[in-house]
Amino acid sequence: MHRETHWSGLAMIFLAVVSATAMDAFIKLAGGDIGTWQLLFMRWIIGALVILPVVAYYWKKREKIKDRRIYYWRFALNLVGCYALFYSLANLPFATVITILFAEPIFIIPLAVVLLGEKISLKNVIASLVGFGAVFYINRPEDAGSGFSVIAPIVAALTLAIEHVLNKRLGSEENPQFMLFWLAVPLAAVSLPMTVFVEGWVEISAMQWGVVLLAAVLGNAYNYFIIMGFRRAHVATGSVLLYLSVPMAFIIGVMFFNEVPTLTDVVCGALILGASMLANMRRPGEKQRDELGNEVPANS
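Residues numbered from 1 in each chain as written. Predicted model: local features only at pLDDT ≥ 70, side-chain atom pairs only at ≥ 80, totals over all residues. Heavy atoms only, no water.

Q: So what's going on with the overall build of the chain? Which residues, and what values?
A: Within the chain, the regular secondary structure consists of twelve helices and zero strands. N-terminal to C-terminal, the α/β element order of the chain is α-α-α-α-α-α-α-α-α-α-α-α. Across the 300 residues in the chain, those meeting the buried criterion constitute 51%. For the chain, restricting intrachain contacts to residue pairs at least 6 apart in sequence, the fraction spanning at least 24 positions comes to 90%. When the accessible surface of the chain is split by element, carbon and sulfur atoms take 68% of a total near 13,700 Å². (Helix = DSSP H or I, 4+ residues; strand = E, 2+ residues; numbered from the N terminus. Buried < 20%, exposed > 50% of the residue type's maximum accessible area, 1.4 Å probe, protein only. Contact = heavy atoms within 4.5 Å. Areas by Shrake-Rupley, 256 points an atom, 1.4 Å probe, with all protein chains shown as cover.)

Q: Explain the environment of Leu39 to me, using residue names and the numbers behind them.
A: When you line up the elements, Leu39 lands in helix α2 (residues 36–60). Sequence spacing of Leu39 and Tyr87 is 48 residues, and the spatial spacing of their C-alpha atoms is 9.7 Å. Here Leu39 is in contact with Ile27, Ala30, Gly31, Ile34, Phe86 and Val212, once residues within four sequence places are set aside.

Q: Which residues make up the side chain of Ser19, and what values go with them?
A: Within the secondary structure, Ser19 sits in helix α1 (residues 3–31). Not counting the four nearest positions on each side in its chain, Ser19 is found in contact with Leu218, Ala221, Tyr222 and Phe225.

Q: Let's hear about the pattern of salt bridges: which residues, and what values?
A: Within this structure, the stated rule accounts for two salt bridges. Between Arg69 and Asp67 there is a salt bridge, with its nearest N and O atoms 2.7 Å apart. Accessibility expressed as a relative area gives 47% for Arg69, which makes it partly exposed. Taking relative accessible area as the criterion, Asp67 reaches 17% and is therefore assigned buried. One salt bridge in this structure joins Arg74 and Glu163, with 2.6 Å as the shortest N-O distance. Highlighted residues: Arg74 in helix α3 (residues 69–91) and Glu163 in helix α7 (residues 148–170), separated in sequence by 89 residues. Looking at Arg74, the relative accessible area reads 1%, which means it is buried. (Salt bridge = Lys/Arg side-chain N within 4 Å of Asp/Glu carboxyl O.)

Q: Quick one: what's the story with the side chain of Lys28, residue by residue and with numbers?
A: Locating Lys28 in the fold gives a position in helix α1. For the buried residue Lys28, which engages in no salt bridge, the nearest side chain bearing the opposite charge is Glu259, 5.5 Å off. With near-sequence residues (within four places) excluded, Lys28 lies in contact with Leu89, Leu92, Pro93, Phe94 and Phe257. (Lys, Arg positive; Asp, Glu negative; His and termini not counted.)

By themselves, these are just geometric observations and shouldn't be taken as functional.
Here it is, written out as structure tokens:
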């Protein structure tokens, strides 16, 4: 893998982190008055409509789907994972949800080894453990409550971790716009009857539609950048950048949800940033490796 490709992948993962954290904040703003299934339907139908012109352009160019398996997997994983995420955002403090979600990088590391054959360096393991330890200490899950509200973000973390790895294994040749569109359409189709017959449709204001619109656009941006980012960057290295959501979440919590961080939160946030930088530093003479962990020649 070229050095420039790797770093461009990391930049895209960073943009995905920013988009996802902002999307989660808008979902929390909307989720207090809207049922989870209705919120999912609104998010996915808007997301499909936003990207439809781009997908139509590629259709006219006769670009085709190459491997349908990744579409089926993404649908199943997002059906479970997005419901779990939206439910937890509506029922737990914002920073708590983002904190618990950081089981995701811990899941990604063994999955990358098993499914991708990646070779994980000791410093990546140390960085991930330090980062997760700091995240866990900031807001311990046992203090957040009980029941499905606490389990839900863990379920979301696991499904997202599996999705990121499968995107790289099965979706590396797929058009990312197709992957976004054919995720949004079936999820909207499933969410609508669940909204009508299980939860009941709730009338909402134009302002709430606007909030969900912003969330949908940011969600599309997240999906695009995370697909392209993990396609270009080493999965285990890129996954550590996901920790940056935590300090962002606490800033958003202070500004919009009156969640004031303690000194411990600030110290742990610094540790998380340090872990991210450690994972992305190479020692002098350390070999560059491709996405499967194989050594890349020095002139590549």
